[in-house]
Amino acid sequence: MLTSLRTARAVLLLCCALPAALFAEKPFAFATTPGQLPKTVVPRHYTLRIAPDLTARTTTGIARIELEVLAPVTELVLNANELAIDSATLTDDPAAPRSLAPKLDPAKQTLTLPVTLAPGMHTITIAYRGQIGTQAEGFFVDKYPTPSGDKLMLGTQFEPTDARRVFPCWDEPVYRATYDITLVVPEKLMAVANMPVEREAALGHGLKEVVFARTPAMASYLVALYAGEFETVEGEQDGVKLRIITTEGKRASAVYALEATKRILAYYNNYFGVRYPLPKLDQIAVPNAFATFGAMENWGCITYIDTALLYDPATGSPAGRQRVFEVIAHEMAHQWFGDLVTMAWWDNLWLNEGFASWMGTKASDALNPDWQLWVRAGEAKEGAMALDARRTTHPILQPIANESQANDAFDTISYQKGQGFLRMLESYLGEDTFRAGLRLYMEQHKYSSSTTADLWAALGTSSGKPIVAVATGWTEQPGFPIVLVSSAGEGAARTLRLAQSRFSVNDPAAAPLTWKIPLTLANTANLAAKSVTLLEDHPATASWPAGAGTPKANVGNAGFYRVLYDEALTDALRRSITTLPVADQLNLLGDTWALVEAGRSPATAWLDLAEQLRASPSQPVWEHLLAKLTLIDRLQLDQPGSRAFRAWAAQLLGPRLAQLGWDAKPGESTLDATLRARLIDALGNYGDRATVEECTRRFQAYLADPASLTGNLRGPVLDVVGRYATRETYDQLHALARAAKTTEEKRRAYAGMQAALDPVLARETLALTLGSEMSTTEAARNVAAVAFNEHAALAWDFTHAHTDELLKRTTFFGRNVFLPRIANAFTDAPRADELMELVRQKLPADALTEAAKGADLIRLNAAVKKRELPAIDAWVKARVKLPE
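Everything quoted here is computed from the prediction, not taken from an experiment.

Chemist: What is the right way to look at the overall build of the chain in this model?
Modeler: Along the chain, the regular secondary structure elements total 27 helices and 29 strands. For the chain, whose C-alpha radius of gyration is 28 Å, the value lies close to the compact-globule estimate of 29 Å for 884 residues. Overall, the chain is about 90 × 65 × 55 Å in size when its C-alpha atoms are taken along their principal axes. For the chain, the exposed surface amounts to about 32100 Å²; the carbon and sulfur share of it is 53%. A distance of 3 Å separates the average location of the 89 positive side-chain charges in the chain from that of its 98 negative side-chain charges.

Below, the structure is given as structure tokens:
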């Protein structure tokens, strides 16, 4: 049932009467940049000497900070967290240091030094002690297995606000300074930081000091310090020394990353017009410690969970290979977006993450066109739009008041909505014009800070268009529009009527908003001949696109908006879906499902499209279908229609797997290989007997000879076998996990254990979360993984019983999302209230924002389940006959 266009146009008129108040962000100015520290003092240079003690898990350090006082002050206020201050002195005259009385405020994470200073340059020296943990926040140690036994590596993770755990500093992104760093480590360890090593000197007692070259001016969160018994693969591109750095025994799996880095660096040097400015680029594979993120863009020293950097052709999968390339491209894009030019404050995080997401996809797609990455990026955009349609969304630009809110800003809106909007804007302006604007922006703001307004100014200069007027609504308002398209007139006089309103899901009180929409239109018989209309806050009329087919909006799926056609146009488009390009098929599928969630179209409309596409050869189409089948299957859990739905899903997927076969074919595409693994996993989860039996057979062969099972099939085979595991099979998977020497192999084996349907086995897997066997990374995801494998109630009970201990094992960065990620496995509305109550009891008020997002999703899924399952069951029953 479709909402009438008459009603939608009435809503639109209301939108026009109640325009949103946009704050029109200002260009960067240091004095008006948000933050918690006074803007009266600016650090210009740090000289750091840090000596970690890996045995005691402590550090000692001396920080000499040269600073500029901009206005008279009576105290210096900087950041420090979990540091003990041994001494602080004003050392303007090194021969006559003046002792200062440090005052630490643990709640504010600040260090105050009372001192009266006149404007000008001054120097302070602070001696301090710190801690080394096992979580990736500040200094951490990572324990990992090697052929010669377990070993430790030392590392740091500072973004967003953890440099203050390692040295006292002005730990806000607007404070750029240069760094001279000396690290004291055991002689057998290789030390790595942002810049090349200048010299090393033995200190005796098995220690050495490593002195690094001075950095460019940069934000504190980009400093990196690493030490370990590393192996390297080395190369060079455009005069930049390159190293992929791994732990013992993994050097061979770093070769692909090095070759990818060379290609990406050459692409970026050409695209940006500003060459990579540092003499070297190191990339370090961290085995375990990165629990809540995959990589970190430290300038000149990028760090990754090793599954995001290393690829072993013998044991890896095509999907893993692609992920390595894409993650490297994302992090290397940050060397420009984030490092060379840094957002002034966390409210502009999207300038880092949205741009890196967009640029990483753009580069990866250009260098690997057969991967169809922009087409496949439609699924990431769907995820962003699904969140952005709900009441708990927020604008791309949002106020950030403290460290907890800064953590929460690293979300789907900053990354995927940012990417989706930038792609739409690039399509509107044209690739060459857009690049010219980015080059101007980069040149104007390199080695400095910026705001979104600075970007709009550069793009406005390059394009000659009113970018601020077009873009502001997309970054300063929450949500996005739905475009209402209807036909008018007859024959040669036919036209299209266009209007817009805000698209929302399960949010009847959503504020009425409008946007300036770069709307593309074409005829399905000639999609290459698209037109662009800037649809504003009033209805408009457009020419009927020339051609014998049907008008289609959002051509190529590059726009960040939904489309609702009148009934005649909808029917015509749905009938012709198999003839559309894949990107437009995905656009129609995505809009249809979104209308289902909004209660504006029945779920059977999407199921009809899925049936029409059952013969599709397109991996991106199947990825979309698989994602929505998974969601419906979760809604069906413990419902009377579950068995029939799974039987229909197996009937839909089985023929495509039969076409692909279980084994790789000579010359097959990477996408076909990736789809094979996804289909096996899905069919096994839906209980397809032939698939389960073949997975079991291949698993037994794998136990006898690991080389018998390709890397591409190891994940799905272990997952399916684990799902139906007996005690014997579960123990075999557990033995594989314990014996594995790589993060990828451990993760696959644990994933099989996490899939077990047997509640006794599921409880054993949950208990591992609180032990010492699992790595930090695996333990952090373990409870949610079990929850999403049909044990939501079991996992939630475990979480309730052990909340305090679980939260203690979670980083500050991951704290606010930990409980919602577990509860999101539920599709029953009362569980949303339970989530909110538990967060209120156990976490500070700042955590309620992420909890509300989780609760909103649970309630939405509960509403869709109640409204749509009866019709889905009837639709499936007409197509599937189950045995008695």
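Chemist: Just to check I follow, could you spell out the pattern of salt bridges for this structure?
Modeler: Should the charged atoms of two oppositely charged side chains come close, the side chains can pair. What the rule picks out here adds up to 60 salt bridges. Two residues, Arg164 and Asp171, come together in a salt bridge whose shortest N-O distance is 2.9 Å. As far as the burial class goes, Arg164 and Asp171 line up, both buried. When the shortest N-O distance is used, the salt bridge between Arg646 and Glu790 registers 2.7 Å. Here the residue Arg646 occupies a position in helix 15 (residues 642–660), and Glu790 occupies one in the loop between helix 22 (776–787) and helix 23 (792–801), the gap between them amounting to 144 residues. With a relative accessible area of 16%, Arg646 lands in the buried category.

Chemist: Is there a simple way to think about the nonpolar core in this case?
Modeler: Formed by 258 residues in total, the largest nonpolar core has its most connected members in Ile124, Phe167, Trp170, Tyr268 and Trp648. Excluding residues that lie within four positions of it along the chain, Trp170 makes contacts with Leu37, Val41, Pro43, Tyr46, Ile65, Leu67, Val77, Leu78, Asn79, Ile124, Tyr175 and Ser220.

Chemist: Any chance you could explain the state of the cysteines here in plain terms?
Modeler: Put plainly, two cysteines are in a disulfide when a covalent bond ties their sulfur atoms together. Within the structure shown, the criterion is met by 0 disulfides. The cysteine Cys301 is free of any disulfide, with Cys169 supplying the nearest cysteine sulfur at 17 Å. A relative accessible area of 0% means that Cys301 is categorised as buried.

Chemist: Whenever I open this one, the pairing of strand 20 (residues 301–305) confuses me. Can you help?
Modeler: Looking down a regular strand, the side chains alternate between one sheet face and the other. Burial analysis of strand 20 places 5 of its 5 residues in the buried class, the great majority of the element. Here strand 20 shows a buried face lined by Cys301, Thr303 and Ile305 and a second buried face lined by Ile302 and Tyr304. One ladder, built from 5 bridges, connects strand 18 (residues 280–286) with strand 20; its direction is parallel. Bridge assignment links Asp282 to a residue of strand 20, and that residue is Cys301. Looking at chain direction, strand 19 (residues 295–296) and strand 20 are connected through 2 bridges and run antiparallel. When the sheet's bridge partners are listed, Ala295 is paired in strand 20 with Tyr304. Between strand 19 and strand 20, which pair antiparallel in sequence order, lie 4 residues; one of them, Gly300, sits at a positive phi of approximately 80°.

Chemist: Teacher, can you tell me more about helix 16 (residues 670–685) here?
Modeler: Within an α-helix, residues lying three or four positions from one another point in the same direction, as the helix has 3.6 residues per turn. An ideal rise of 1.5 Å per residue puts 22 Å on 16 residues; helix 16 measures up with 23 Å between its terminal C-alpha atoms. Most of helix 16 sits inside the fold, with 14 of its 16 residues counted as buried. At the C-terminal side of helix 16, Gly687 shows a positive phi close to 80°.

Chemist: Would you take a moment to explain the packing of aromatic side chains for this structure?
Modeler: Ring pairs (aromatic) are described by centroid distance and by the angle formed between their planes. One pass over the structure, following the stated rule, counts 37 aromatic pairs. Between Tyr267 and Tyr271, the aromatic rings sit 6.2 Å apart at their centres with planes inclined by 10°, giving stacked as the arrangement. One end of the pair is Tyr267 and the other is Tyr271, both in helix 2 (residues 255–272) and 4 residues apart, which spans about a single turn. Seen from their ring centres, Trp350 and Phe355 are 5.7 Å apart, and the 40° between their planes marks the pair as tilted. Taking the relative accessible area as the measure of exposure, Trp350 reaches 0% and is therefore buried. Here Phe355 falls in the buried class, since its relative accessible area comes to 0%. Over the ring of Trp544 we find Arg494; its NZ or CZ atom is 4.0 Å from the centre of that ring.

Chemist: I tried to follow unusual backbone geometry on my own but got confused; where do I start?
Modeler: Of all residues except glycine, most have a negative phi; of all peptide bonds, most are trans. The amide bond that connects Glu159 to the next residue, Pro160, takes the cis arrangement and shows omega of 0°. With respect to the secondary-structure elements, Pro160 resides in the loop between strand 10 (151–157) and strand 11 (178–186). Of note in the backbone geometry, Asn554 takes a positive phi value of approximately 55° without being a glycine. Note on placement: Asn554 falls in the loop between strand 28 (551–553) and strand 29 (562–565). Owing to a relative accessible area of 0%, Asn554 belongs among the buried residues under this scheme. The phi dihedral of Glu790 falls on the positive side, at around 70°, and the residue is not glycine.

Chemist: Teacher, can you tell me more about the sheet that holds strand 5 (residues 98–100) here?
Modeler: Pairing between the strands of a sheet is mediated by backbone hydrogen bonds and can be parallel or antiparallel. Taken in spatial order, the 8 strands make up an open sheet running 5-4-8-2-1-11-14-13, and their pairing is mixed. Both edges of this open sheet fall to strand 5 and strand 13 (197–204), since each of them pairs with a single strand only. Ignoring which end each strand starts from, the neighbouring axes of this sheet average 20° apart. Relative to strand 14 (residues 207–212), strand 13 runs antiparallel, the two sharing 6 bridges.

Chemist: Where do I start with the sheet that holds strand 28 in this structure?
Modeler: Strand order in the open sheet made by the 3 strands is 26-25-28, with antiparallel pairing throughout. Two strands bound the open sheet, and with one partner strand each, they are strand 26 (526–535) and strand 28. For this sheet, the mean angle separating the axes of adjacent strands, direction not counted, is 30°. Summarising the sheet, strand 25 (residues 517–523) and strand 26 pair through 6 bridges and their orientation is antiparallel. Across the sheet, the residue bridging to Pro518 is Leu534, located in strand 26.

Chemist: How do you make sense of the pairing of strand 18 when you look at a structure like this?
Modeler: Within strand 18, 7 of the 7 residues are buried, leaving the element largely enclosed by the surrounding structure. Judged by which residues are buried, strand 18 turns out to be covered on both faces: Lys280, Asp282, Ile284 and Val286 on one side and Leu281, Gln283 and Ala285 on the other are all buried. Sheet analysis places strand 17 (residues 240–246) next to strand 18, joined by 5 bridges and oriented parallel. Of the residues in strand 18, the one forming a bridge with Lys241 is Lys280. Handedness of the crossover is the feature at issue here: the chain leaves strand 17, passes through helix 2, returns alongside strand 18, and the resulting connection is left-handed.

Chemist: Can you walk me through the confidence of the model for the chain in this structure?
Modeler: Note that predicted coordinates carrying low pLDDT should not be read in detail. For the chain, per-residue confidence averages 94 on the pLDDT scale, and residues scoring 70 or more make up 97% of the total. Contacts of residues 1–21 to residues separated by more than four positions or lying in other chains number 35 contacts, the stretch itself having pLDDT below 50.

Chemist: In this structure, what is going on with the side chain of His624? I would like to understand it.
Modeler: On the secondary structure map, His624 appears in helix 14 (residues 619–636). In contact with His624, other than residues within four places in its own chain, are Glu379, Leu586, Leu589, Gly590 and Trp606.

Chemist: I keep staring at the packing of helix 17 (residues 689–704) against helix 18 (residues 711–723) and nothing clicks. Help me out?
Modeler: Two measures define how a pair of helices packs: the angle their axes make with one another and the distance between the axes. At a minimum axis separation of 9 Å, helix 17 and helix 18 run at an interaxial angle of 110°. Considered as vectors, helix 17 and helix 18 are oriented roughly perpendicular to each other. Judged by the twist between their axes, the crossing of helix 17 over helix 18 is left-handed. On the side of helix 17, the interface is formed by Val692, Cys695, Thr696, Arg698, Phe699 and Tyr702, while helix 18 contributes Leu713, Arg714, Val717, Leu718, Val720 and Val721. Partitioned by chemical class, the residues of the contact of helix 17 with helix 18 number 9 nonpolar, 1 polar and 2 charged.

Chemist: Could you clarify how one ought to interpret the packing of helix 23 against helix 25 (residues 812–823) in this entry?
Modeler: As a packed pair, helix 23 and helix 25 sit with axes 9 Å apart at the nearest point and diverge in direction by 150°. Our classification of the angle between helix 23 and helix 25 gives roughly antiparallel. Facing helix 23, whose interface residues are Ala795, Trp796 and Thr799, helix 25 presents Leu819, Ile822 and Ala823. Split into classes, the residues belonging to the contact of helix 23 with helix 25 amount to 5 nonpolar, 1 polar and no charged.

Chemist: Help me understand the environment of Leu860, please; the structure alone is not making it clear to me.
Modeler: Along the chain, Leu860 falls in helix 27 (residues 848–877). In this structure the C-alpha to C-alpha distance between Leu860 and Asn506, which are 354 residues apart in sequence, comes to 6.4 Å. For Leu860, the contacting residues outside a window of four places in its chain are Arg390, Val505, Asn506 and Glu597.

Cut-offs used in this document
- Residues numbered from 1 in each chain as written.
- Predicted model: local features only at pLDDT ≥ 70, side-chain atom pairs only at ≥ 80, totals over all residues.
- Heavy atoms only, no water.
- Helix = DSSP H or I, 4+ residues; strand = E, 2+ residues; numbered from the N terminus.
- Rg over C-alpha atoms; globule rule 2.2 N^0.38 Å.
- Areas by Shrake-Rupley, 256 points an atom, 1.4 Å probe, with all protein chains shown as cover.
- Lys, Arg positive; Asp, Glu negative; His and termini not counted.
- Charge placed at Lys NZ, Arg CZ, Asp CG, Glu CD.
- Salt bridge = Lys/Arg side-chain N within 4 Å of Asp/Glu carboxyl O.
- Buried < 20%, exposed > 50% of the residue type's maximum accessible area, 1.4 Å probe, protein only.
- Core = buried A, V, L, I, M, F, W, Y, C linked by side-chain atoms within 4.5 Å.
- Contact = heavy atoms within 4.5 Å.
- Disulfide = S-S within 2.5 Å.
- Pairing = 2+ DSSP bridges.
- Expected span 1.5 Å × (residues − 1).
- Phe/Tyr/Trp six-rings, centres within 6.5 Å; stacked < 30°, edge-to-face > 60°.
- Lys NZ or Arg CZ within 6 Å of the ring centre and 35° of its normal.
- Axes fitted to C-alpha atoms, helices over the stretch in contact; angles between N-to-C directions.
- Right-handed = clockwise from strand over helix to strand, strands pointing away.
- pLDDT = per-residue confidence, 0-100.
- Parallel < 35°, antiparallel > 145°, perpendicular 65-115°, else oblique.
- Left-handed = near helix turned anticlockwise from the far one by under 90°.
- Nonpolar A, V, L, I, M, F, W, Y, C, P; charged D, E, K, R; others polar.

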